[in-house]
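Residue-level structure breakdown
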Amino acid sequence: MHGFFGFICSISLYIIFLRELGGVKNWVKYLLTFLATMGCGALWEVFEFSVDNILGNDTQRVAESIALGKTPVYDTMIDMIITIGGFVGFMVLDLLYRKKFKKK
(Lines give C-alpha, C1' and ligand atoms only; values in the text may rest on other atoms or scores of the structure.)
Protein backbone atom coordinates (compact mmCIF):
# COMPACT_ATOMS: atom_id res chain seq x y z
CA MET A 1 0.00 0.00 0.00
CA HIS A 2 2.74 2.46 0.87
CA GLY A 3 4.53 1.81 -2.42
CA PHE A 4 1.31 2.34 -4.37
CA PHE A 5 0.65 5.49 -2.34
CA GLY A 6 4.14 6.79 -3.13
CA PHE A 7 3.62 6.11 -6.83
CA ILE A 8 0.15 7.69 -7.10
CA CYS A 9 1.09 10.62 -4.88
CA SER A 10 4.20 11.27 -6.99
CA ILE A 11 2.23 11.23 -10.24
CA SER A 12 -0.39 13.61 -8.82
CA LEU A 13 2.12 16.03 -7.36
CA TYR A 14 4.30 16.00 -10.49
CA ILE A 15 1.29 16.92 -12.62
CA ILE A 16 0.51 19.78 -10.25
CA PHE A 17 4.13 20.97 -10.43
CA LEU A 18 4.09 20.68 -14.24
CA ARG A 19 1.15 23.06 -14.40
CA GLU A 20 2.47 25.51 -11.83
CA LEU A 21 6.20 25.44 -12.65
CA GLY A 22 6.30 25.30 -16.43
CA GLY A 23 9.78 26.70 -17.01
CA VAL A 24 11.59 24.93 -14.18
CA LYS A 25 14.08 22.14 -14.92
CA ASN A 26 12.95 18.54 -14.51
CA TRP A 27 15.35 17.72 -11.68
CA VAL A 28 13.79 20.53 -9.62
CA LYS A 29 10.32 19.12 -10.30
CA TYR A 30 11.55 15.65 -9.28
CA LEU A 31 13.06 17.06 -6.10
CA LEU A 32 9.88 18.94 -5.19
CA THR A 33 7.81 15.86 -6.00
CA PHE A 34 10.05 13.69 -3.80
CA LEU A 35 9.89 16.10 -0.87
CA ALA A 36 6.13 16.56 -1.15
CA THR A 37 5.56 12.78 -1.45
CA MET A 38 7.67 12.14 1.64
CA GLY A 39 5.76 14.88 3.47
CA CYS A 40 2.47 13.20 2.57
CA GLY A 41 3.90 9.86 3.72
CA ALA A 42 4.93 11.42 7.03
CA LEU A 43 1.46 12.91 7.47
CA TRP A 44 -0.02 9.46 6.90
CA GLU A 45 2.23 8.01 9.61
CA VAL A 46 1.11 10.76 11.99
CA PHE A 47 -2.49 9.90 11.13
CA GLU A 48 -1.86 6.18 11.83
CA PHE A 49 -0.25 7.05 15.15
CA SER A 50 -3.12 9.35 16.13
CA VAL A 51 -5.82 6.84 15.21
CA ASP A 52 -3.96 4.11 17.14
CA ASN A 53 -3.91 6.27 20.25
CA ILE A 54 -7.51 7.44 19.96
CA LEU A 55 -9.04 4.03 19.15
CA GLY A 56 -6.58 1.86 21.02
CA ASN A 57 -5.57 -0.06 17.87
CA ASP A 58 -2.11 -1.24 16.82
CA THR A 59 -2.01 -0.60 13.07
CA GLN A 60 1.63 0.36 13.36
CA ARG A 61 2.31 -3.10 14.79
CA VAL A 62 4.22 -1.82 17.79
CA ALA A 63 3.53 -4.96 19.84
CA GLU A 64 4.67 -7.18 16.95
CA SER A 65 7.87 -5.17 16.51
CA ILE A 66 8.70 -5.42 20.21
CA ALA A 67 7.98 -9.18 20.18
CA LEU A 68 10.40 -9.59 17.26
CA GLY A 69 13.08 -7.63 19.08
CA LYS A 70 12.81 -4.57 16.84
CA THR A 71 12.18 -1.01 17.88
CA PRO A 72 8.64 0.29 17.33
CA VAL A 73 10.05 2.79 14.85
CA TYR A 74 10.99 -0.09 12.53
CA ASP A 75 7.55 -0.36 10.89
CA THR A 76 7.35 3.39 10.31
CA MET A 77 10.81 3.48 8.71
CA ILE A 78 9.98 0.52 6.45
CA ASP A 79 6.77 2.29 5.40
CA MET A 80 8.72 5.45 4.53
CA ILE A 81 11.34 3.48 2.57
CA ILE A 82 8.59 1.73 0.60
CA THR A 83 7.07 5.15 -0.13
CA ILE A 84 10.47 6.17 -1.55
CA GLY A 85 10.30 3.03 -3.70
CA GLY A 86 6.97 4.21 -5.11
CA PHE A 87 8.53 7.57 -5.97
CA VAL A 88 11.52 5.87 -7.62
CA GLY A 89 9.13 3.70 -9.66
CA PHE A 90 7.32 6.82 -10.84
CA MET A 91 10.58 8.57 -11.70
CA VAL A 92 11.94 5.60 -13.68
CA LEU A 93 8.70 5.28 -15.66
CA ASP A 94 8.65 9.03 -16.32
CA LEU A 95 12.25 9.02 -17.52
CA LEU A 96 11.58 6.02 -19.78
CA TYR A 97 8.50 7.78 -21.16
CA ARG A 98 10.49 10.93 -21.86
CA LYS A 99 13.26 8.96 -23.54
CA LYS A 100 10.84 7.09 -25.79
CA PHE A 101 8.32 9.78 -26.71
CA LYS A 102 10.10 13.10 -26.27
CA LYS A 103 12.97 14.35 -28.43
CA LYS A 104 14.33 16.74 -25.77
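Residue positions within a chain follow its written sequence, with the count starting from 1. Note on the predicted model: pLDDT of at least 70 is required for a residue's local features to be given, and 80 or more for side-chain atom pairs to be given and counted; whole-chain, interface and lining totals, by contrast, use all residues. Neither water nor hydrogens contribute to the side-chain values; these are computed over all heavy atoms in the structure.

Things to note about the packing of helix H2 (residues 26–55) against helix H4 (residues 73–101)
Their axes nearest at 10 Å, the elements H2 and H4 cross at an angle of 150 degrees. As the angle between them shows, H2 and H4 are arranged roughly antiparallel. The chirality of how H2 crosses H4 is right-handed. Facing H2, whose interface residues are Asn26, Tyr30, Thr33, Phe34, Thr37, Met38, Gly41, Ala42, Glu45 and Glu48, H4 presents Thr76, Asp79, Met80, Thr83, Ile84, Phe87, Phe90, Met91, Asp94, Leu95 and Arg98. Gly is placed with the polar residues, together with every amino acid not listed as nonpolar (Ala, Val, Leu, Ile, Met, Phe, Trp, Tyr, Cys and Pro) or charged (Asp, Glu, Lys and Arg). A class-by-class count of the residues in the contact of H2 with H4 yields 10 nonpolar, six polar and five charged. For helices, the fitted line uses only the C-alpha atoms of the stretch in contact; every axis is such a line through C-alpha atoms, and the angle between N-to-C directions lies from 0 to 180 degrees. By definition, any uninterrupted DSSP run of H or I lasting at least four residues is a helix, any uninterrupted run of E lasting at least two residues is a strand, and each is numbered from the N terminus. We call two directions roughly parallel when the angle between them is under 35 degrees, roughly antiparallel when it is over 145, roughly perpendicular when it lies between 65 and 115, and oblique otherwise. In a left-handed crossing the near helix is turned counterclockwise from the far helix by less than a right angle, and in a right-handed crossing that turn is clockwise. Contact definition: two residues touch when any of their heavy atoms are within 4.5 Å.

Points about the layout of surface pockets
Volume-wise, the largest pocket comes out at about 160 Å³. Surrounding the largest pocket, Ile11, Tyr14, Ile15, Leu18, Asn26, Lys29, Phe90, Asp94, Tyr97, Arg98 and Lys102 form its lining. Elements represented by at least two residues in the lining of the largest pocket include exactly helix H1 (2–20), H2 and H4. A cavity here means a set of 1 Å grid points, computed over protein atoms only, where a 1.4 Å probe fits but cannot escape. A pocket is an open set with protein on both sides within 12 Å along at least 5 of 7 lines, and lining residues have an atom within 4 Å of a point. Grid points are joined across faces, edges and corners, and a volume is the space filled by probe spheres set on the points.

Considering the pattern of salt bridges
Salt bridge criterion: a side-chain nitrogen from Lys or Arg within 4 Å of a carboxyl oxygen from Asp or Glu. A full pass over the atoms with the stated rule returns one salt bridge. With its nearest N and O atoms 3.0 Å apart, the salt bridge here joins Asp94 to Arg98. Highlighted residues: Asp94 and Arg98, both in helix H4, separated by four residues, approximately one helical turn. Residue class for Asp94 comes out buried when judged on its relative accessible area of 13%. Throughout this description, buried means an accessible area under 20% of the type-specific maximum (1.4 Å probe, protein chains only), exposed means over 50%, and partly exposed covers the range between.

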